Amino acid sequence: MAKRIFSMVLALAMTLVMGITAGAVEPSDTVEYDGTSISYVNGGVMTGFDNMLPGVPYEGAIQLKNTGSKEANFYMDTEIVSTLLGVDNVKDTSYRVSLTVGDNVLVGYDAETDTVTGEIVGGEGTTGLEELNKTLPEYPLVATLKPGETVDVVLSIQPDAEQTDNAYISSLGRVEFRFKVSDVPDKGDDVQTGDDYIVFICGAVIVVGLILF
């Protein structure tokens with residue numbers, strides 16, 4: 001009887017965890033462009049990845065905001081600085097990952113169902129999340145915002161429940177997001193291309209993941 005009660009409590013707890021992670025995530029920071037430069041509002045950190053459990057999806061978000069007087073293009077580059085692996089000589093795991101900027105899906109889009117299902121990356125013998133470095137282009141245009149408009153960058157990571165083992169306790173990983181912003185040229189202006197056109201650069205937003213189970 002006690003075992004049955006414990007199983008029911010555990011199932012309820014996992015249901016609550018899944019329900020919490022499935023809801024809309026609030027941005028932990030804002031990347032703000034004022035027409036001349038880019039700044040962070042809360043230090044440039046995306047939260048939501050502490051105490052990760054295998055098999056459970058975790059989400060973090062940051063907001064892009066145009067506070068300038070002109071329409072602006074936002075470009076974003078991502079680099080997996082280190083996989084969620086802080087221990088030497090342990091089996092790597094795989095992750096189901098999605099990365100969206102508003103309606104723009106950079107990673108994890110399923111054309112057949114027209115939904116964001118997540119993309120499985122990593123696995124034993126691979127570099128884990130670092131595989132995303134091969135998938136993402138360098139500084140793609142991710143959003144065009146009018147003055148006062150905002151859009152959320154949302155990253156979802158779900159560690160594989162079967163491949164993840166206890167060697168991952170206290171393992172760390174980082175993902176850096178770099179942004180460049182430029183004003184949309186007025187009609188009749190000369191259109192510039194390349195790095196001369198993308199002129200404003202900010203630092204990095206860092207995602208820190210900690211797996212404890």
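Residues numbered from 1 in each chain as written. Predicted model: local features only at pLDDT ≥ 70, side-chain atom pairs only at ≥ 80, totals over all residues. Heavy atoms only, no water.

*Asks:* How should the overall build of the chain be read in this particular structure?
*Replies:* Helix and strand content of the chain: two helices and 14 strands. Here the chain, with 213 residues, has 38% of them falling under the buried criterion. Long-range contacts, defined as pairs at least 24 residues apart, comprise 80% of the intrachain contacts of the chain with a sequence gap of at least 6. As presented, the chain carries roughly 11,500 Å² of accessible surface, and 52% of it is formed by carbon and sulfur atoms. (Helix = DSSP H or I, 4+ residues; strand = E, 2+ residues; numbered from the N terminus. Buried < 20%, exposed > 50% of the residue type's maximum accessible area, 1.4 Å probe, protein only. Contact = heavy atoms within 4.5 Å. Areas by Shrake-Rupley, 256 points an atom, 1.4 Å probe, with all protein chains shown as cover.)

*Asks:* Got a minute to help me understand the packing of aromatic side chains in this structure?
*Replies:* The description of two aromatic rings rests on the distance between their centres and on the angle between their planes. Throughout the structure, instances matching the rule amount to one aromatic pair. Here Y33 and F74 contribute two aromatic rings whose centre-to-centre distance is 6.3 Å and whose plane-to-plane angle is 85°, an arrangement assigned as edge-to-face. Separated by 41 residues along the polypeptide, Y33 in strand 1 (residues 30-33) and F74 in strand 5 (residues 72-82) bring together distant segments of the chain. F74 shares its class with Y33; the two are buried. (Phe/Tyr/Trp six-rings, centres within 6.5 Å; stacked < 30°, edge-to-face > 60°.)

*Asks:* Help me understand the pairing of strand 7 (residues 104-107) in this model?
*Replies:* In the case of a regular strand, side chains alternate between the two sheet surfaces. With three bridges joining them, strand 6 (residues 94-101) and strand 7 adopt antiparallel strand pairing. By the bridge assignment, L99 is partnered in strand 7 with V107. What sits between the antiparallel neighbours strand 6 and strand 7 is a turn of two residues, in which G102 has the positive phi angle 60°. (Pairing = 2+ DSSP bridges.)

*Asks:* Got a minute to help me understand the pattern of salt bridges in this structure?
*Replies:* Should the charged atoms of two oppositely charged side chains come close, the side chains can pair. A full pass over the atoms with the stated rule returns three salt bridges. Here K70 and D186 are joined by a salt bridge, their closest N and O atoms 4.0 Å apart. You can see K70 sitting in the loop between strand 4 (58-66) and strand 5 and its partner D186 sitting in the loop between strand 13 (171-183) and strand 14 (200-211), a full 116 residues away along the chain. The exposure class assigned to K70 is partly exposed, which follows from its relative accessible area of 39%. Taken together, the shared-partner salt bridges in this structure form one network comprising E79, E176 and R178. (Salt bridge = Lys/Arg side-chain N within 4 Å of Asp/Glu carboxyl O.)

*Asks:* Please clarify how the nonpolar core should be interpreted in this entry.
*Replies:* For soluble globular proteins, the rule of thumb is that nonpolar side chains tend to be buried together. Membership of the largest hydrophobic core comes to 37 residues, with the highest contact counts inside it found for L64, F74, L129, L155 and F177. Residue assignment for this core shows that the elements contributing at least two residues are strand 1, strand 4, strand 5, strand 6, strand 11 (141-145), strand 12 (150-159), strand 13 and strand 14. (Core = buried A, V, L, I, M, F, W, Y, C linked by side-chain atoms within 4.5 Å.)

*Asks:* Even after reading the chapter, I still don't get the environment of L64, so can you show me in this structure?
*Replies:* Here L64 lies in strand 4. The class of L64 is buried, set by a relative accessible area of 0%. A C-alpha to C-alpha distance of 5.3 Å links L64 and V151, two positions 87 residues apart in sequence.

*Asks:* Teacher, can you tell me more about unusual backbone geometry here?
*Replies:* Apart from glycine, the bulk of residues carry a negative phi angle, and the bulk of peptide bonds sit in the trans form. Located in the positive-phi region is N51, a residue other than glycine, with phi close to 55°. Residue position: N51 is located in the loop between strand 3 (45-46) and strand 4. Positioned with a positive phi, Y139 is a non-glycine residue whose angle comes to about 50°. Relative to the helices and strands, Y139 is located in the loop between helix 2 (132-135) and strand 11. Judged by its relative accessible area of 16%, Y139 falls in the buried class.

*Asks:* How should I be thinking about the environment of V56 in this particular structure?
*Replies:* With respect to the helices and strands, the residue V56 is situated in the loop between strand 3 and strand 4. Put simply, V56 and P159 are 103 residues apart on the chain and 7.0 Å apart in space, counted from C-alpha to C-alpha.

*Asks:* Help me understand the environment of L53, please; the structure alone is not making it clear to me.
*Replies:* Structurally, the position occupied by L53 is in the loop between strand 3 and strand 4. Taking the C-alpha atoms as reference points, L53 and T164, separated by 111 residues in sequence, lie 9.4 Å from one another.

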